[in-house]
Amino acid sequence: MSIDFIGDFLTIVRNALMARKRRVETCSSKLRVAICEVLEKEGYVRSFSVEDKDGMYRLIVDLKYVRGESVIHEIKRRSKPSRRCYEGVRNIKPTIGGLGIAILSTNAGVMTCVQAKKMRVGGEVICHVW
């Protein structure tokens, strides 16, 4: 049995956006923190922090809204544990014609598709955000 921790995290964020929550709290992991770093850098979330609560590290994400509307319109998992999706540097395509981003896990770290093209590295496409 496999558990998709990244898929669970994206679903938590998606559900919080539908419920108009300002803050999401979940278990922390290195990959979840790396995804939050990319989302914060690209302006999709306001901020995030990792706090130690009773010996467990919790990831707290402050979601971003503009005039009552969520900045994230859609966040969709691409690569799953049952079906991994890898893209070479030549095959990386823009999301929604360049309006969104694809988050990739590469050997140089977690980054957007634009950064991966600049660094000329490919990797596993984690999700698409727009």
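Scroll up to find the structure.
The text that follows walks through the structure, step by step, so that each part is easy to find. (Residues numbered from 1 in each chain as written. Predicted model: local features only at pLDDT ≥ 70, side-chain atom pairs only at ≥ 80, totals over all residues. Heavy atoms only, no water.)

### Considering the pattern of salt bridges
Rules: By salt bridge we mean one thing: a side-chain nitrogen of Lys or Arg within 4 Å of a carboxyl oxygen of Asp or Glu. Numbering of helices and strands starts at the N terminus; helices are DSSP runs of H or I of at least 4 residues and strands are runs of E of at least 2. Any residue under 20% of the maximum accessible area for its type is buried, any over 50% is exposed, and the rest in between are partly exposed; the area is computed with a 1.4 Å probe on protein chains only.
Going through the model one piece at a time under the given rule, you end up with seven salt bridges. The partner of Arg23 in a salt bridge is Asp62, with the nearest N and O atoms 2.8 Å apart. Remark: Asp62 occurs in strand S3 (residues 56-63) and Arg23 occurs in strand S1 (residues 23-27); sequence separation between them is 39 residues. By relative accessible area, which is 51% here, Arg23 ends up exposed. Among the residues examined, Asp62 registers a relative accessible area of 17% and is labelled buried. In this structure, Glu74 and Lys76 form a salt bridge, with 3.3 Å as the shortest nitrogen-oxygen distance. Glu74 gets classed as partly exposed once you look at its relative accessible area, which sits at 31%.

### Topic: the side chain of Thr26
What counts here: Counting of polar contacts relies on pairs of N or O atoms within 3.5 Å, with two restrictions inside protein: one atom must be capable of donating a hydrogen and the other of accepting it, and residues adjacent in sequence are counted only when both atoms are side-chain atoms. Note on contacts: a residue pair qualifies if any of its non-hydrogen atoms lie within 4.5 Å across the two residues.
Summarising the element assignment, Thr26 is placed in strand S1. For Thr26, a relative accessible area of 6% corresponds to the buried category. Within the structure, the side chain of Thr26 is placed 3.0 Å from the side chain of Arg32, a separation counted as a polar contact. Contact partners of Thr26, with chain neighbours within four places excluded, come to Phe9, Ile12, Arg32, Tyr57, Arg58 and Leu59.

### Some remarks on the sheet that holds S1
Note the following rule: Only strands joined by at least two bridges in the DSSP assignment are considered to pair. Helix axes are fitted to C-alpha atoms over the stretch in contact, other axes to C-alpha atoms as well, and angles between N-to-C directions run from 0 to 180 degrees.
The sheet built from three strands is open, its strands ordered S1-S3-S2 with antiparallel pairing. The open sheet terminates on both sides in strands that have one partner only, identified here as S1 and strand S2 (45-53). The mean angle between the axes of side-by-side strands here comes to 20°, regardless of whether they run parallel or antiparallel. One ladder, built from eight bridges, connects S2 with S3; its direction is antiparallel. By the bridge assignment for S3, Val50 is matched with Leu59. Across the sheet, helix H1 (residues 5-18) lies against S1 and S3, angled at about 40° from S3, the strand it touches most. Strand contacts of helix H2 (residues 30-41): S1, S2 and S3, with the helix running at about 155° to S2, the strand carrying the most contacts.

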